[in-house]
Amino acid sequence: MTPKEVLELAKKHDVKFVDLKFVDFPGVWQHTTIPATRLEESLFEDGVAFDGSSIRGWQPINASDMLMVPDPTTARIDPFYATPTLSLVNSIFDPITKQPYSRDPRHIAKKAEAYLRQSGIGDTSYMGPEAEFFVFDDVRFDQSQPNAGYYHLDSVEGAWNSGREEFPNLGYKTRHKEGYFPVPPTDTLGDFRQSLMTTLMETGVEVEVGHHEVASGGQCEIGLKFKKLMESADQLLWFKYVVKNHARKHGKTATFMPKPLFGDNGSGMHVHQSIWKEGKPLFGGDNYAGLSDTALYYIGGIIKHAKSLAAFTNPTTNSYRRLVPGFEAPVNLAYSSRNRSASCRIPITGPNPKTRRVEVRFPDPSCNPYLAFAAMLMAGIDGIQNKIHPGDPMDKDIYGLSPEELKDIPHMPGSLEEALDSVERDHEFLVKGDVFTKDAIHEWLDFKRNKELNPIRMRPTPYEFYLYYDI
C-alpha cells in the first residue's frame, strides 16, 4: 500500500483518528494518536516527533528527541476503538541526521534482510511463527512492598478447579498436559477463538488454524500464514495486540508469558524458516528429510549459535522456567524430521520443495520478533557461509535418552544470565553487515541485566519461604 492508497483507505472507512504504533527495545508496542486531518502524504516523509528518553532502552534525556515515520504497508483499520481509527506501524529516525535509529528493532530487521541479499545467498527470508498464549479468567499479582509479593491465576477450565463450588460445577476441567485438543465442553474457548480468528481475518491477517494447546488453564494457538521476515514480525505484533484486546473485550485476560503455570506446559513460539532466491526455494534437496546442503548448513548455524540466540529468542527470566526437560520444551540442540523433542525439526510436507523449511522450536513469544528473527537469520547465514554441518540427525526421543547418551548433545542455556553471557562472547555473526551494532548489543545486555536480572535476583519467591523459612 502506498501513502496515497492509505489516504483512500482512511476516506473509505471515514477514519477520524490515526494511531501511530512503534515497537520499543524489549518488543512491546507504544503508540500516539493524531486526528485524521493530519493524515497527508507528507506524514510518510516528515513523521511525528516524540520523546525517546521515555522509551525503555533508548535515548538519554539530553538527547531525547526522536522521529517516528509511518510505514504505509502496515495500514489497517483498528478493530478496538469506538471511533473509526487507522493503525500505522512506524520506524524510528534521528530528527537531525534523518538516519535510521540503530536501536530501532524494525531497522535491525531491515538490515538483516538487506544483508541476506548482499551475501548473495538469497534475496528473501520467510518466517512463520506459532505463538502460543494463555487465556485466563482472572489474574492478580503484586510486589509493591518489601515484605510481600504474590501471584494468582485462575481459569474456569483449570484442572485445579475440579473441586471448586461453582453453583454448579459442571466438570470437564482440562487435566494438566491434556489440553491438545478435546472438543467442547472440555474446550471452553471454541467460540472465543472463532471470534478472535474472525477479527484477525477482517483486519487482513491470513489465519490457517486455531486450537486449544496442551496445557490446562486456557492455553491456545492460532496459526498464521508465513511472511517475509519484516512483514512477519509486524504481523506478529498485530496478532498479539488483537489477542490481548479481544480477550479483554470478552472479560478475559491473555498473556504471552512463556511459563505462567507451574507443573504444566509453557508457551513456545516455534518459528518456521526458509530462504529463497529469485523466486526459487533453497532448502529443498536430496539430503536427510529432503533438505539441501544450504538448509543443513543453516541448521548448523542455528545450533552453533543457539546459546547466543537465546538472549533474543528467549529473552526473559521466565523463559527459562519453560526451557526444562519434561514439558515438550526443546532443551537439547539437535535436528530431526518429525521428532518434536528436537530443537530444529523438519516438518513432513510432501515432495514439493517450496514447502521445505526448518522449524526452530526453542524461541518463545516473549521475544521481540524483529530482533529474534534477525538474529536467527544471521546465525543461519553464518552457517551457510562457513558450511557448518549440524552432524547426524537425532530421531530418538531425546527426553528418553540416558545421561551417557545426552552428554555429547549441546543444550540451551539454563538461565537468562547464561544466555546474556553467551551473546557477550559470541556476537560476531550478529554484527556482520552492521545488522546488530555493538551499541545495540551492549544496550540489550545492560537493559536485561539491570532492569530484569538484578531486580529478580534480589527478590524472594513464594517457594523459597516453603523451602527455607524453618531452616
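In case you missed it, the structure is sitting above this.
> Just checking my understanding: could you explain the nonpolar core for this structure?
In summary, soluble globular proteins display a tendency toward joint burial of nonpolar side chains. Counting 115 residues, the largest nonpolar core has Leu86, Phe239 and Phe436 as the members making the most contacts within it. When residues in this core are grouped by element, the largest group, 12 residues, is from helix H9 (residues 369-385). Every residue in contact with leucine 86, bar those within four places of it in the chain, is listed here: Val6, Leu9, Ala10, Val15, Phe17, Val18, Asp19, Leu39, Ala75, Arg76 and Ile77. Residues Ala334, Ile398, Leu401 and Ile409 belong to the second largest nonpolar core, which totals 6 residues.

> Is there a simple way to explain the side chain of glutamate 443 in this structure?
Take glutamate 443: it is sitting in helix H13 (residues 438-457). Relative accessible area serves as the criterion here: at 15%, glutamate 443 is assigned to the buried category. Residue contacts for glutamate 443: discarding those within four places in its chain leaves Phe25, Gly57 and Arg103.

> Explain the packing of helix H5 (residues 229-249) against H9 to me, please; I cannot follow it from the model alone.
To describe two helices that pack against each other, one gives the angle between their axes and the distance between the axes. The contact between H5 and H9 brings their axes to 9 Å, and the two run at 150°. By the angle between their axes, H5 is roughly antiparallel relative to H9. In this structure, H5 meets H9 at a crossing whose hand is right-handed. The residues of H9 that touch H5, namely those facing Leu229, Met230, Ser232, Ala233, Asp234, Leu236 and Leu237, are Pro369, Tyr370, Phe373, Ala374 and Leu377. Per-class residue counts for the contact of H5 with H9 are 10 nonpolar, 1 polar and 1 charged.

> Can you help me understand helix H4 (residues 190-202) in this one?
Because an α-helix completes one turn every 3.6 residues, residues spaced three or four positions apart along the sequence face the same direction. Compared with the 18 Å implied by 1.5 Å per residue over 13 residues, the 18 Å span of H4 between its first and last C-alpha is a close match. Where H4 is concerned, the buried positions are Gly190, Phe192, Arg193, Leu196, Met197, Thr199 and Leu200. Tucked into the core, H4 has its buried residues touching strand S7 (124-136), strand S10 (207-212), strand S11 (219-224) and H5. Looking at the residues trailing H4, positive phi occurs at glycine 204, about 95°.

> Would you take a moment to explain the pattern of salt bridges for this structure?
Any two side chains of opposite charge can pair, so long as their charged atoms come close to each other. Inspection of every chain in the model, using the stated rule, returns 28 salt bridges. The shortest N-O distance in the salt bridge between aspartate 78 and lysine 21 comes to 3.2 Å. One end of the pair, aspartate 78, is in the loop between strand S5 (76-77) and strand S6 (85-93); the other, lysine 21, is in strand S1 (residues 17-23), with 57 residues separating them in the sequence. The exposure classification of aspartate 78 matches that of lysine 21, with both residues buried. Look at the salt bridges and you will find they share partners, linking Asp154, Arg164, Glu166 and Lys173 into a network.

Cut-offs used in this document
Residues numbered from 1 in each chain as written. Predicted model: local features only at pLDDT ≥ 70, side-chain atom pairs only at ≥ 80, totals over all residues. Heavy atoms only, no water. Core = buried A, V, L, I, M, F, W, Y, C linked by side-chain atoms within 4.5 Å. Buried < 20%, exposed > 50% of the residue type's maximum accessible area, 1.4 Å probe, protein only. Helix = DSSP H or I, 4+ residues; strand = E, 2+ residues; numbered from the N terminus. Contact = heavy atoms within 4.5 Å. Axes fitted to C-alpha atoms, helices over the stretch in contact; angles between N-to-C directions. Parallel < 35°, antiparallel > 145°, perpendicular 65-115°, else oblique. Left-handed = near helix turned anticlockwise from the far one by under 90°. Nonpolar A, V, L, I, M, F, W, Y, C, P; charged D, E, K, R; others polar. Expected span 1.5 Å × (residues − 1). Salt bridge = Lys/Arg side-chain N within 4 Å of Asp/Glu carboxyl O.

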